[in-house]
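Structure assessment
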Amino acid sequence: MVALYPFQKRVSDLLLSGKSVILQAPTGAGKTRAALYPFLRAWEYEEDFPRKCLYTVPMRVLANQFWAEYQARVENYGFKRPMKVNILTGEHRADTTFSGDLTFATIDQVLSSFLIAPYSLPRRLSNLNAGAITSSYLIFDEFHLFDPVSTLPTTLSMLKMLDGIVPFLLMTATFSGQMLDGLARELNAVVIPEDAATREELLQLPSQDKTRRYHVVDSHLTATAVLAGHKSRTLVVCNVVDRARKLFEDLRNHPDLEDTQVLLLHSRFLPEDRSRIEAQIHELFSRNGDTGGRRIVVATQVIEVGLDITSETLYTELAPANAILQRAGRCARYAGQAGDVYIYTQALHKSGELISLVEKIAPYMEQKETISRTLEAFLDYNGQALTFDDEQAIISRAHGPSDSLNIKGLTATSLAHRSKMNHIMNGDRNYAPGNLIREVSSQLVAVHDDAQRVAQQPFATEAFSLHPGTLYGQLHTWEKDGQLEGGKVLALQDSGDTNENGRSVYDWREVTSPKDIQGAALVLIHPDLAGYDAELGFLMDRSTGYRAKLQLEQATHSPGRIHYKLETYVEHIRLVHNHFKSHIWPQLDRTAAQLECIFGWPQGIVEQAAHMVVLFHDVGKLGRDWQGWVQNYQDAIELPVQPGEVYAHTDFDPTIPRHEVEQRSLGHRPPHALEGAWAVQCLLNTVCGECEAMFNAAFTAIARHHGAFTQQGQHYALVSQAVDVVQETLSWLPESMLPGIDAGMLVIEGSPTERNVRDFLVDAQEDEDFLAYTLLVRALRLSDQEGTKKGAE
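Here goes a summary of the coordinates provided. Values in this document were obtained by computation on a predicted structure and should not be read as measured data.

As for the pattern of salt bridges
Taken as a whole, this structure holds 34 salt bridges when the rule is applied. For the salt bridge of Arg41 with Glu47, the shortest nitrogen-to-oxygen distance reads 3.0 Å. Overall, Glu47 belongs to the partly exposed group, its relative accessible area being 27%. In this structure, Glu786 and Lys789 form a salt bridge, with 3.6 Å as the shortest nitrogen-oxygen distance. Here the residue Glu786 and the residue Lys789 both occupy positions in helix 28 (residues 767-792), the gap between them amounting to 3 residues, near one helical turn. Sharing partners across several salt bridges, the network here consists of Asp242, Arg245 and Arg268.

A look at the sheet that holds strand 6 (residues 168-172)
Overall, parallel pairing links the 7 strands, which are arranged 3-4-2-5-6-1-7 in an open sheet. Two strands close off the open sheet at either side, each with one partner strand: strand 3 (85-88) and strand 7 (190-192). Sheet twist, expressed as the mean angle between neighbouring strand axes with direction ignored, is 15°. The pairing of strand 2 (residues 53-57) with strand 5 (residues 137-140) spans 4 bridges and is parallel. Its bridge partner lying in strand 5, Leu54 is registered against Leu138. Taken strand by strand, helix 3 (residues 60-77) contacts strand 2, strand 3 and strand 4 (102-106), and its axis lies near 170° from that of strand 3.

Points about the packing of helix 1 (residues 6-16) against helix 2 (residues 31-45)
Two elements in contact, helix 1 and helix 2, have axes separated by 9 Å at closest approach and are oriented at 50°. As far as their axial angle goes, helix 2 and helix 1 are oblique. As helix 1 runs across helix 2, the sense of the crossing is right-handed. On the side of helix 1, the interface is formed by Phe7, Gln8, Val11, Ser12, Leu15 and Leu16, while helix 2 contributes Arg33, Ala34, Tyr37, Pro38, Arg41 and Ala42. Tallied by class, the residues present in the contact of helix 1 with helix 2 amount to 8 nonpolar, 2 polar and 2 charged.

Thoughts on the pairing of strand 11 (residues 295-299)
Here strand 11 lies mainly inside the structure; 5 of its 5 residues are buried. Side chains Arg295, Val297 and Ala299 project from strand 11 onto one buried face, and the interleaved Ile296 and Val298 project onto a second face that is buried too. Both strand 9 (residues 233-237) and strand 11 contribute to a ladder of 5 bridges, which runs parallel. Note on strand 11: the bridge partner recorded for Thr234 is Ile296.

What about the packing of aromatic side chains?
Within a pair of aromatic rings, the relevant descriptors are the distance that separates the centres and the angle that separates the planes. Enumeration according to the criterion identifies 24 aromatic pairs in this entry. Ring centres of Tyr55 and Phe66 lie 4.9 Å apart, and the angle between their planes is 50°; this geometry places the pair in the tilted category. Residue Tyr55 is located in strand 2, and its partner Phe66 is located in helix 3; the two are separated by 11 residues in the primary sequence. Each member of the pair, Tyr55 as well as Phe66, is classed as buried. Each ring, one from Phe580 and one from Trp585, has its centre 5.7 Å from the other, and the planes form 45°; the classification is tilted. These aromatic residues form a ring-pair network of at least three members: Tyr55, Phe66, Tyr70 and Phe104. Over the aromatic face of Trp43 sits the side chain of Arg81, whose NZ or CZ is 4.0 Å from the ring centroid.

Cut-offs applied
- Residues numbered from 1 in each chain as written.
- Predicted model: local features only at pLDDT ≥ 70, side-chain atom pairs only at ≥ 80, totals over all residues.
- Heavy atoms only, no water.
- Salt bridge = Lys/Arg side-chain N within 4 Å of Asp/Glu carboxyl O.
- Buried < 20%, exposed > 50% of the residue type's maximum accessible area, 1.4 Å probe, protein only.
- Helix = DSSP H or I, 4+ residues; strand = E, 2+ residues; numbered from the N terminus.
- Pairing = 2+ DSSP bridges.
- Axes fitted to C-alpha atoms, helices over the stretch in contact; angles between N-to-C directions.
- Contact = heavy atoms within 4.5 Å.
- Parallel < 35°, antiparallel > 145°, perpendicular 65-115°, else oblique.
- Left-handed = near helix turned anticlockwise from the far one by under 90°.
- Nonpolar A, V, L, I, M, F, W, Y, C, P; charged D, E, K, R; others polar.
- Phe/Tyr/Trp six-rings, centres within 6.5 Å; stacked < 30°, edge-to-face > 60°.
- Lys NZ or Arg CZ within 6 Å of the ring centre and 35° of its normal.

The quantities given are spatial measurements derived from coordinates; they are silent on function.
Here's what the structure looks like:
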């Protein structure tokens, strides 16, 4: 294995000692290796470190890139213990429960999971994933891209809760010194590089042996200027899609283009075309890519991160300094290379007017002062080759004042922001998790001429996400030209009703002016007005005959339904507890110990509570009503139960219609989760009585192992065999727990109403209760899932 650079070793040493780190290092320095080395080392040598790593990125393309790379690396390395490398994004949803050992995920998946509102799972399972965050080594890459209003404050609040419990690493190449210092104070983290000597070490890395010159051009980008400076590989970055597309078409039609290949990349391509174009760019512009021929890529901000590519020349429109330097990272990226970055201060508006990118700076409308300082800083270095230190000086000069204000704002609003998080974590539907995860102003737009078919499943329709201002502008043009007549543009509105399948019913409203799209769930444009081209993307100024693909519902059964076999209560508990001991608890025991240390709890109490939760989670099924339902159902399908036996599962085969018919005729099974928690409260108290937070966590884990926000039970009465059956399962407890625990403590009959269980259920505003609960409920639900599958075999 190649030796670590000093900064990588320092990062590793800090993380392995339990510290958290904020790392700022230049492009190509080896940030990813610094981040993953401590986890991979601890995995191989079984050192004291979390058994799971979540590598979080702001964009899907980054997750895809890292997933592909590290799947191959892990396989080739040959660890003594196999390591499962997974991915979770909006596109890749195979691992919706963070079951992998090393998982690459987008920030929205991680934050929504911690908020008990995961984008990857239905509401009934929404408490399953938070425990994965609580028990993992957390890496946040490119965190300068986190939205300062939503993503960043939620991430900071989460990390404050986890301080000292799990190590975390934040990485960036482009944050001001003011922001780094402020974040370090907020998060009790160490900034690397720590001093001038460490920063000098970074500058001496082999990867920094490159030359990148910056030039300011007081003009607008043209195809002629690009071709005049073009050598073999050139990147061009425009701030908005329309200008990028026009420049791309101008280049393709330019008489001096000759044999140069031109590609266009922006955010308005269909996924399959965007993936194809990205793969082409990587092949043509990567370090070891095809070096034959001449090629130009015209792109928008999508090129700033995620693509490991290089070029000799970069042309870019003026933007905030951090964006320009991210773009510049795709020019002379590798050691021994030299390149030039040209920053253009003007742009040609579609009206033909020449505009200043300091005055009219879409999409950076709220950063006028930052862009003005950016221009001043680059003018001071005009024509010079810049080092990483020089680039950071520009970042601090341009962004420092606003970053200082942002840090103050984050501190001033932290309590209010945490309050909103608490509401979401407690299941309050009046608070939208999206507002705390990724504040995005966008409008879904689809192209089709059959509104009725689209309305059947509108969100399964192929669509594009546009900034509302872009759509408003085009609607104004169509309105002026009289093209909105005849229902050529429709806005989809939720009617507030539902159909027989429980789906929302939507109505179409004709759009006659831009104001009509306000609040629309989807805007449908007739193919006569707009189109799509695989090389140009979504087009609002021409028809191409394109119609969006519709994905209409075909499944007749709910996905993921499994077979069940009639299974006794004792056998089910045995299978669940065995899986808990062998597979689940080893992933969580380190975090349990950290919780005990941080909150001053008795040593071993979290593990003891976890055993109790797993063994007692289905005590509610020992209710007379529940067992009566089992007997009636089994009689109805002519597979009767054994007299005197108690059961945890019935027979059920989703391919046998009679099974589903009889289930429906009997109605829902009686609830058992909150009822079971109420029944075992005295037993829980024998272990957790001196630790209220742990009692609440254990009680809530049982009460909510089928519904993440259950707060109302119903009257129950346990069967006569309940005490003996539970006593039998108690024999599986560790010997140290057995004294003082007796099934005779069961509350045989009770009525757990919302009022009398309120004090026992976890409230997210209590960090101790909440973090312990996330660990226990994850342990229970994962063990229950696998135990149930085993019992159905």
